[in-house]
Amino acid sequence: MERNDPVRLYHEKNQINCGRYKDLLHWTDENHTTFRIRWKHQSNKNLVADDYEIFKAWAMYTEKYNEDLSTPSKCKLNFRCAMNSTKRFEKLVSNEPDFRIYKIIPLNPKTESPANPSSGTKTAAFNIKVSIYYHNKLQDEAEVNSCMFTYNQENCHQLHNVQVIQFPNPEVLSDQKRVQHTLTALNAARLLLYQKNSRIWAKRLGTCQVFHAFSKELDNPSQDPPCKLLPRNVETEIFDYEQFCRELADFRDGQRRSSPDYTIYLCFGQRFTASKPKESKLILMKVRISVSGNLLKIVQGGFCLQRDHSSGLQSVATPA
């Protein structure tokens, strides 16, 4: 049994069937393909400790229950990240505000994924790790190939036939003024992220402006980074695997001083400036290409070992 699959945990241990969590978690169909889980919002006045029992049990089972995950909200965040990372759960529409309904997606290994859902073009896909921050606080993480990010999920699957990831509710923030500003941006935010022709593309579908930048473009505190706005309803390339490999080869051969960048930041509703660091942004999305990071580590290992023998230079740190 895989530990990163919360529903299999309770199914295999008969927790659902025995009724231990019957008020919190249960199947909604005879074939055990859809389940209902209590998911009260933090602002709910009727929220009690028992509402977090499922999330706490998952943290304890995965041996992550410690001081960092001792609070109910962090246990819930840990559970949600695990759900998203498995890519085996599709969130369905629920008519009950205190519950979520999920459908289990059958295991079906794929070597390809739809790049542009409208055209049906396919390409070899790599995992992309996405982290979502509100005011420098991590809200959610997931590994995806192609997906839609939105706060309002209506008709997203029907229109684009891709995995949908919902932005977390910003009401977890303590400052109500920030909550309102963030909600305003989220309600207008819809972003399609996909892979095609050895590149990663972004397509802004909502009215909320989205700016993108490589991590190293944000390192200079004395100079504004390039203003790169995603035009609405236009495919925009944000990462080129082939260019990364060429730059990686140049780095290995000593023809460039710095390692190529494989981390992209997307800012919703605000542009990047030198005067305000990325950590101050309302909504920030961090995109890391896993395979590129692994290749860089391999090349750096060989590159640094060679340089150490000849000149004693220290290894170069990987980008954050």
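Cut-off values and rules
- Residues numbered from 1 in each chain as written.
- Predicted model: local features only at pLDDT ≥ 70, side-chain atom pairs only at ≥ 80, totals over all residues.
- Heavy atoms only, no water.
- Core = buried A, V, L, I, M, F, W, Y, C linked by side-chain atoms within 4.5 Å.
- Buried < 20%, exposed > 50% of the residue type's maximum accessible area, 1.4 Å probe, protein only.
- Contact = heavy atoms within 4.5 Å.
- Pairing = 2+ DSSP bridges.
- Helix = DSSP H or I, 4+ residues; strand = E, 2+ residues; numbered from the N terminus.
- Axes fitted to C-alpha atoms, helices over the stretch in contact; angles between N-to-C directions.
- Salt bridge = Lys/Arg side-chain N within 4 Å of Asp/Glu carboxyl O.

The protein goes by IRF tryptophan pentad repeat domain-containing protein in an unreviewed UniProt entry, where it is assigned to Pseudonaja textilis.

Novice: Can you help me understand the nonpolar core in this one?
Specialist: Across soluble globular proteins, nonpolar side chains have a tendency to be buried as a group. The biggest cluster of nonpolar side chains holds 38 residues, and the ones touching the most others in it are V130, F149, F167, F268 and M285. Beyond its immediate sequence surroundings of up to four residues, F268 is in contact with F167, A189, L191, C208, Q209, V210, I283 and M285. Formed by 18 residues, the second largest nonpolar core is a distinct cluster that contains L25, I37, W39 and I54.

Novice: Even after reading the chapter, I still don't get the sheet that holds strand β3 (residues 89–92), so can you show me in this structure?
Specialist: Through backbone hydrogen bonds, the strands of a sheet pair up, either in parallel or in antiparallel fashion. Pairing is antiparallel in the open sheet, where 4 strands are placed in the order β1-β2-β4-β3. In this open sheet, the two edge strands, each paired with only one partner strand, are β1 (25–27) and β3. Pairwise comparison of adjacent strand axes, ignoring direction, gives a mean angle of 30 degrees for this sheet. Both strand β2 (residues 34–38) and strand β4 (residues 99–104) contribute to a ladder of 5 bridges, which runs antiparallel. When the bridges of β4 are listed, F35 appears paired with Y102.

Novice: Sorry if this is basic, but what is going on with the pattern of salt bridges here?
Specialist: Pairing between side chains of opposite charge can happen when their charged atoms approach one another. Tallied over the entire structure, the rule returns 10 salt bridges. Across the pair K196 and E235 runs a salt bridge, and its minimum N-O distance is 3.1 Å. Pair noted here: K196 is in strand β11 (residues 190–196) and E235 is in the loop between β13 (210–214) and β14 (236–240), with a separation of 39 residues, a long-range link. Take K196: its relative accessible area is 11%, and that puts it in the buried class. Between R199 and E237 there is a salt bridge, and its shortest N-O distance comes to 3.0 Å. Taken together, the residues span a long stretch of sequence, with R199 in strand β12 (residues 199–204) and E237 in strand β14 at a distance of 38 residues. When its relative accessible area of 35% is taken as the criterion, E237 is described as partly exposed.

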